[in-house]
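# Observations on chain architecture
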Amino acid sequence: AQSVTQLDSHVSVSEGTPVLLRCNYSSSYSPSLFWYVQHPNKGLQLLLKYTSAATLVKGINGFEAEFKKSETSFHLTKPSAHMSDAAEYFCVVSDPIEYGGSQGNLIFGKGTKLSVKP
Amino acid sequence: SAVISQKPSRDICQRGTSLTIQCQVDSQVTMMFWYRQQPGQSLTLIATANQGSEATYESGFVIDKFPISRPNLTFSTLTVSNMSPEDSSIYLCSVDYRQGAPTYGYTFGSGTRLTVV
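All values reported here derive from a predicted model rather than from experimental measurement. (Residues numbered from 1 in each chain as written. Chains lettered and ligands numbered in written order. Predicted model: local features only at pLDDT ≥ 70, side-chain atom pairs only at ≥ 80, totals over all residues. Heavy atoms only, no water.)

Glancing now at the environment of A:L106. Considering the arrangement of structural elements, one finds A:L106 in the loop between β10 (87-94) and β11 (107-108). Here A:L106 falls in the buried class, since its relative accessible area comes to 2%. Separated by 34 residues in sequence, A:L106 and A:T72 have C-alpha atoms that sit 17 Å apart. With residues near it in sequence (within four places) discarded, A:L106 still touches A:F34, A:Y36, A:V92, A:V93, A:S94, B:Y35, B:Y106 and B:F108. (Helix = DSSP H or I, 4+ residues; strand = E, 2+ residues; numbered from the N terminus. Buried < 20%, exposed > 50% of the residue type's maximum accessible area, 1.4 Å probe, protein only. Contact = heavy atoms within 4.5 Å.)

Right under this line is the structure:
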């Protein structure tokens, strides 16, 4: 069964310093993995996705994530935090449809709230 | 990617009443999905809505409580029936947009924040 664990419920960084949001997953197959961001009172926005292509995935707003199968991880990073990055971030896993994954049944992590200090 | 308009954005409702949430997409999509995000929790899939057929509900969700309509390829509604305070959540619709096989991704509406008093 699929599952996803976000290791930190809250991360606080200073503006201009690196961001690391950790995510580990469990899946029977090579899964599809996503990172979404949710700003206060706004909808979910897709940051990036991994679907068995390059293991280093670049997303929007300078974020990137690396798929490491040996570590079952998909950590989200950004070299330099900006105040506008303060939001909640969700790591999401889905098994590919061709391997029995249920389309639309994305398994969400519990979220990591990122705070950015000036 | 698709653009989703969801309304209402928030509502406060009396227990025992029902609320219908609308989701409008700016392009035709085969499947639409409804999620619930309870306070302090992550998102959970309620059901999948296909045009022209009954919705498919996930374990723990039933049609009588969460009836769904999908009259065409750009629109869906979710009704939260006979509400109780435990239904207080954010409800989100989502669509699958495809940018070439085999990749896929999902766009979410901005959500409906429901408070039941």
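Evaluation of the coordinates by the stated rule reveals 15 aromatic pairs over all chains. A ring pair is formed by A:Y36 and B:F108, whose centres lie 5.2 Å apart and whose planes are at 85°; its orientation type is edge-to-face. Separated into two different chains, A:Y36 in strand β5 (residues 32-38) and B:F108 in strand β10 (residues 105-108) make up a pair that spans both. Grouping residues by exposure puts A:Y36 and B:F108 together as buried. With 5.6 Å between their ring centres and 65° between their planes, B:F33 and B:Y106 make a pair best called edge-to-face. Taken together, the positions of B:F33 in strand β4 (residues 31-37) and B:Y106 in strand β10 put the pair 73 residues apart, joining distant regions of the chain. (Phe/Tyr/Trp six-rings, centres within 6.5 Å; stacked < 30°, edge-to-face > 60°.)

Attention now moves to the pattern of salt bridges. Counted by the stated rule, this structure contains 4 salt bridges over all chains. Between A:D85 and A:K78 there is a salt bridge; the shortest N-O distance is 2.8 Å. (Salt bridge = Lys/Arg side-chain N within 4 Å of Asp/Glu carboxyl O.)

Another aspect to go through is the confidence of the model for chain B. Averaged over all residues, the pLDDT of chain B is 89; the fraction at 70 or higher stands at 91%. The low-confidence segment residues 99-103 of chain B (pLDDT under 50) makes 4 contacts with residues lying over four places distant or belonging to another chain. (pLDDT = per-residue confidence, 0-100.)

Moving on, we get to the environment of A:S80. All names here are of chain A. Its place among the elements puts S80 in the loop between β9 (73-78) and β10. It is 13 Å that separates the C-alpha atoms of S80 and L21, two residues lying 59 residues apart in sequence. Not counting residues within four places of it along the chain, the set of residues in contact with S80 comprises G16, T17, P18 and D85. Of note is the side chain of S80, whose polar atom sits 3.4 Å from the backbone oxygen of G16. (Polar contact = N/O pair within 3.5 Å; in protein donor to acceptor, adjacent residues only side chain to side chain.)

As a further point, take the side chain of B:R70. All names here are of chain B. Among the structural elements, R70 can be located in strand β7 (residues 68-72). Here the side chain of R70 touches V29 through a polar contact of 2.6 Å, landing on its backbone oxygen. Looking at R70, its side chain comes within polar contact range of the main-chain oxygen of N72, at 3.0 Å. Leaving out residues up to four positions away in the same chain, R70 has contacts with V29, T30, M31, M32, A49, N50, Q51, G52, F75 and S76.

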